[in-house]
Amino acid sequence: MVRGPSYYRGRVTIAVFPGSFDPITRGHLDVVRRALRFADEVVVAIASNAGKVPLLSIETRLELAREAVQHLPGVRVEAVPGLLVEFCRAADADVIVKGLRGGADYDAEMPMALMNRHLTGIETVFVIGDPALAHVASSLVRDVARNSGDIEDLVPPGVAPAVCRALGTARTTKE
Ligand code: PNS
């Protein structure tokens, strides 16, 4: 039996999709859309990663993410002030959702999923992203933009100019 988009509805209500979103990419949007197949609400949760210094301010990341998901009913964007599990508890989240592009993502995500489950028991649901977007990572997007490459196809509308502004690079579109 092929399970259509509404099959999982009512089983999970609130899914929190955490990340740095520095910046939000088309890969992130793919994960949000997939999560909406089994969750009634998806909270894009912009958090601090202790191992990363963000390029974009939290205000800019929130603004860009909100703009990118505004057409998706049931999706909202919030900042995570501290521990992700405390945010999930306050949001009454049923699950954390994360996208996997490949084995490196799995290796990075598994300890976080185990730690979050250790802390409050919350489960992490992994979705496999669109393979056509497997190369789309915020870090690579920043690197391409930093070297004046075109990132327009990799990110939602409005994101490329904001990234280029933050980097002080000029080129944002294909010539
Ligand atoms: O997009 P990223 O950088 O891989 O996302 C990692 C992130 C931000 C979700 C993670 O660092 C996080 O959850 N930070 C919030 C603080 C926290 O709860 N740390 C413990 C994680 S097990």
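Relevant structure appears above.
K.L.:
Could you give an account of the overall build of the protein chain, with specific residues and numbers?
P.N.:
Counting secondary structure elements, the protein chain contains 6 helices and 5 strands. When the elements of the protein chain are put in sequence order from the N terminus, they spell out β-α-β-α-β-α-β-α-β-α-α. At 16 Å, the protein chain has a C-alpha radius of gyration in line with the 16 Å of a compact globule built from 175 residues. Counting only C-alpha atoms, the protein chain reaches 45 × 40 × 30 Å along its principal axes. Residue burial in the protein chain is summarised as follows: out of 175 residues, 46% are buried. Here the contacts in the protein chain between residues at least 6 apart in sequence split such that 73% fall between residues at least 24 apart. When the accessible surface of the protein chain is summed, it comes to about 9,500 Å², and 54% of that surface belongs to carbon and sulfur atoms. Charged side chains in the protein chain number 20 positive and 21 negative. The centres of these two groups are separated by 3 Å.

K.L.:
Just give me the short version of the sheet that holds strand β1 (residues 12-19), but keep the residues and values in it.
P.N.:
Taking strand neighbours across the sheet as the criterion, the 5 strands line up as β3-β2-β1-β4-β5 in an open arrangement whose pairing is parallel. Among the strands making up the open sheet, the edge pair consists of β3 (75-79) and β5 (123-128). When strand polarity is set aside, the average angle formed by the axes of neighbouring strands in this sheet is 35°. Taken together, the 5 bridges between strand β2 (residues 39-46) and β3 define a ladder with parallel strand orientation. When the bridges of β3 are listed, Ala45 appears paired with Glu78. The strands that helix α4 (residues 103-120) touches are β4 (95-100) and β5; relative to β4, the one it contacts most, it runs at about 170°.

K.L.:
Residue-level account of unusual backbone geometry, with values.
P.N.:
With an omega of 10°, the peptide bond between Asp22 and Pro23 qualifies as cis. With respect to the secondary-structure elements, Pro23 resides in the loop between β1 and α1 (26-35). The backbone phi angle of Asp92 is positive, close to 60°, even though this residue is not glycine. Along the polypeptide, Asp92 turns up in the loop between α3 (84-90) and β4. Assessed through its relative accessible area of 58%, Asp92 is described here as exposed. With a phi close to 65°, Ser148 is a non-glycine residue in the positive phi region. Its place among the elements puts Ser148 in the loop between α5 (138-146) and α6 (159-167).

K.L.:
Quick rundown of the site of the ligand? Include the residues and the values.
P.N.:
In the region of the ligand, 14 residues are neighbours, and Ser20, Ser48, Asn49, Lys52 and Leu84 sit closest. Here an oxygen atom of the ligand and a side-chain polar atom of Asn49 are 2.8 Å apart. Leu84 places a main-chain nitrogen or oxygen 2.8 Å from an oxygen atom of the ligand. Against a free-state accessible area of 540 Å², the protein chains account for coverage of 80% of the ligand. In a pocket analysis with a 2 Å cut-off to the grid points, the ligand is assigned to the largest pocket. Residue assignment for the shell around the ligand shows that the elements contributing at least two residues are β1 and α4. Classifying every residue of the shell around the ligand gives 6 nonpolar, 6 polar and 2 charged.

K.L.:
Tell me about the nonpolar core, and name the residues and values.
P.N.:
Core analysis: the biggest nonpolar cluster contains 38 residues, and Phe17, Ile24, Val32, Val42 and Val75 have the highest contact counts within it. When residues of this core are traced back to their parent elements, those giving at least two are β1, α1, β2, α2 (58-69), β3, β4, α5 and α6. Broken down by element, this core gets its largest block of residues, 5 residues, from α2. Not counting residues up to four positions away in its chain, the partners in contact with Phe17 are His28, Val31, Val32, Val42, Val43, Val44, Ala45, Val97, Lys98 and Gly99. In this structure, Ile14, Val80, Leu84 and Ala93 belong to the second largest nonpolar core, which totals 14 residues.

Rules of the game
Residues numbered from 1 in each chain as written. Predicted model: local features only at pLDDT ≥ 70, side-chain atom pairs only at ≥ 80, totals over all residues. Heavy atoms only, no water. Helix = DSSP H or I, 4+ residues; strand = E, 2+ residues; numbered from the N terminus. Rg over C-alpha atoms; globule rule 2.2 N^0.38 Å. Buried < 20%, exposed > 50% of the residue type's maximum accessible area, 1.4 Å probe, protein only. Contact = heavy atoms within 4.5 Å. Areas by Shrake-Rupley, 256 points an atom, 1.4 Å probe, with all protein chains shown as cover. Lys, Arg positive; Asp, Glu negative; His and termini not counted. Charge placed at Lys NZ, Arg CZ, Asp CG, Glu CD. Pairing = 2+ DSSP bridges. Axes fitted to C-alpha atoms, helices over the stretch in contact; angles between N-to-C directions. Near = heavy atom within 4 Å. Polar contact = N/O pair within 3.5 Å; in protein donor to acceptor, adjacent residues only side chain to side chain. 1 Å grid on protein atoms, 1.4 Å probe; cavity = no way out; pocket = protein on both sides within 12 Å on 5 of 7 lines; lining within 4 Å. Sits in = over half its atoms within 2 Å of the grid points. Nonpolar A, V, L, I, M, F, W, Y, C, P; charged D, E, K, R; others polar. Core = buried A, V, L, I, M, F, W, Y, C linked by side-chain atoms within 4.5 Å.

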